[in-house]
Amino acid sequence: MHYKPIDSTVVPRFAEVKTFMRLPNLKTTEGIDYAVIGIPFDTGTSYRSGARFGPSAIREISSLIKPYNMPQRANVAELLSGVDYGDVPVIPGYIEETYDKIEETLLPLMQKGITPVCMGGDHSVTLGELRAAAKVHGPVALVHFDSHFDTIDAYFGKKYNHGTVFRRAQEENLVDTSHSIQIGMRGTFYSEEDRLGSEKLGFEVITGFEMLDIGINETIKRIAKRTGAKKAFCSFDIDFVDPAFAPGTGTIEAGGLSSAEALRIVRSLTGTDFVGFDLVEVLPAYDPSQITSFLAANIMFEFISLLAVKARASK
């Protein structure tokens, strides 16, 4: 069976139940290459709440996404079979129990070689995804786009929230930091220790300030060099993008890239062997025009297109 989006020349885009990119809503591990999964959890947030509504907002506007990626010259609907798998059954207010639910949901997919493309939710959810990935692939290379490092040891004395996720991932040996890279960190910080904390854990860091100096092409080269041939996981916090283009998020930072620049960077990662993706921190209450949700849907489409390019090359 080959699963692909509803044909919008037959059924209009404003019709039917909203799924990501109009994919069939099926919980199956048979006959699919990828599964889009919502993780509507935001108990780990430290400022604005509401990212639990991110998956539904992204699904709604994603009906505008068409299947052909012109720069990649790839039709994802023809090259890949995919479904909207629905949502992880999260437990509001209980972060560690929700991590178990995320791992339980993703593990059967990853064990069958199906790539999860997840949408949060706040960034804390990535820890559950990485636990599933590491059980199948061992420690993975992390490609992390964000305006924050998310390697703080604790917030308010608590070890699990959206600012501690990658320190916990390193401690649990879920990521191979010698092949991992964090890109885009900017704004104001508490001290130099914010950056040094990530580097001490073994991550390579390209701050948003440095990225503006070295340019996008050099940034792309450094990502590819860092990940090498390792199995990799891409985690994209929407606040990587400047709030002029993505206002609907929980902790905005001025001075980020444009939506076109962000899409270009993701589109360039064709040489990296990704086994999972997520897009997090979309907060639709601050996104009345839906531009943040639409950008998120487009970034997720670029994730899927990377899988399509890989599938085409293997034929």
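Check the entry above for the structure.
What you are looking at is a predicted structure, and each value in this text was computed from that prediction instead of being measured. (Residues numbered from 1 in each chain as written. Predicted model: local features only at pLDDT ≥ 70, side-chain atom pairs only at ≥ 80, totals over all residues. Heavy atoms only, no water.)

(A) Looking closely at the pairing of strand S1 (residues 34–39). In terms of burial, S1 is largely enclosed, as six of its six residues are buried. A two-sided burial pattern is seen for S1, the buried positions comprising Tyr 34, Val 36 and Gly 38 on one face and Ala 35, Ile 37 and Ile 39 on the other. Relative to strand S4 (residues 82–87), S1 runs parallel, the two being bridged by five bridges. Residue pairing in the sheet places Gly 38 in a bridge with Asp 87 of S4. (Buried < 20%, exposed > 50% of the residue type's maximum accessible area, 1.4 Å probe, protein only. Helix = DSSP H or I, 4+ residues; strand = E, 2+ residues; numbered from the N terminus. Pairing = 2+ DSSP bridges.)

(B) View of the layout of surface pockets. Here the largest pocket is characterised by a volume of approximately 560 Å³. Every residue lining the largest pocket is counted, 26 residues in all, and those nearest its centre are His 148, Ile 152, Tyr 155, Tyr 190 and Thr 251. When residues in the lining of the largest pocket are grouped by element, the largest group, three residues, is from helix H6 (residues 193–200). The space that makes up the second largest pocket amounts to roughly 260 Å³. Along the walls of the second largest pocket sit 15 residues, with Gly 113, Thr 115, Phe 274, Leu 307 and Lys 310 positioned nearest its centre. Elements that contribute at least two residues to the lining of the second largest pocket include exactly strand S10 (273–280) and helix H10 (291–314). Residue contributions to the lining of the second largest pocket peak at four residues, all from H10. Here the residues of the lining of the second largest pocket sort into seven nonpolar, four polar and four charged. (1 Å grid on protein atoms, 1.4 Å probe; cavity = no way out; pocket = protein on both sides within 12 Å on 5 of 7 lines; lining within 4 Å. Points joined across faces, edges and corners; volume = space filled by probe spheres on them. Nonpolar A, V, L, I, M, F, W, Y, C, P; charged D, E, K, R; others polar.)

(C) Region of the structure containing unusual backbone geometry. The residue after Gly 120, namely Gly 121, is reached through a cis peptide bond having omega 15 degrees. With respect to the helices and strands, the residue Gly 121 is situated in the loop between strand S5 (115–120) and helix H4 (126–137). At Asp 150, a position not held by glycine, the phi torsion is positive, near 60 degrees.

(D) Spatial organisation of the packing of helix H8 (residues 216–227) against helix H9 (residues 259–267). Contact geometry of H8 with H9 gives a least axis separation of 10 Å together with a crossing angle of 30 degrees. For the element pair H8 and H9, the recorded crossing hand is right-handed. Contact with H8, carried on its side by Ile 216, Asn 217, Ile 220 and Ile 223, involves Glu 261, Arg 264 and Ile 265 of H9 and no other residues of that element. Here the contact of H8 with H9 is composed, by residue class, of four nonpolar, one polar and two charged. (Axes fitted to C-alpha atoms, helices over the stretch in contact; angles between N-to-C directions. Left-handed = near helix turned anticlockwise from the far one by under 90°. Contact = heavy atoms within 4.5 Å.)

(E) Geometry of the pattern of salt bridges. Here the structure, examined in full by the defined rule, presents 18 salt bridges. A salt bridge links Asp 153 to Arg 168; the nearest nitrogen and oxygen atoms lie 2.8 Å apart. Of the two residues, Asp 153 sits in the loop between strand S6 (141–145) and helix H5 (165–171) while Arg 168 sits in helix H5, which places them 15 residues apart along the sequence. The class of Arg 168 is buried, set by a relative accessible area of 4%. Residues Arg 168 and Glu 171 are paired through a salt bridge, measuring 2.8 Å at the closest nitrogen-oxygen approach. Here Glu 171 and Arg 168 lie together in helix H5, a separation of three residues that amounts to about one turn. (Salt bridge = Lys/Arg side-chain N within 4 Å of Asp/Glu carboxyl O.)

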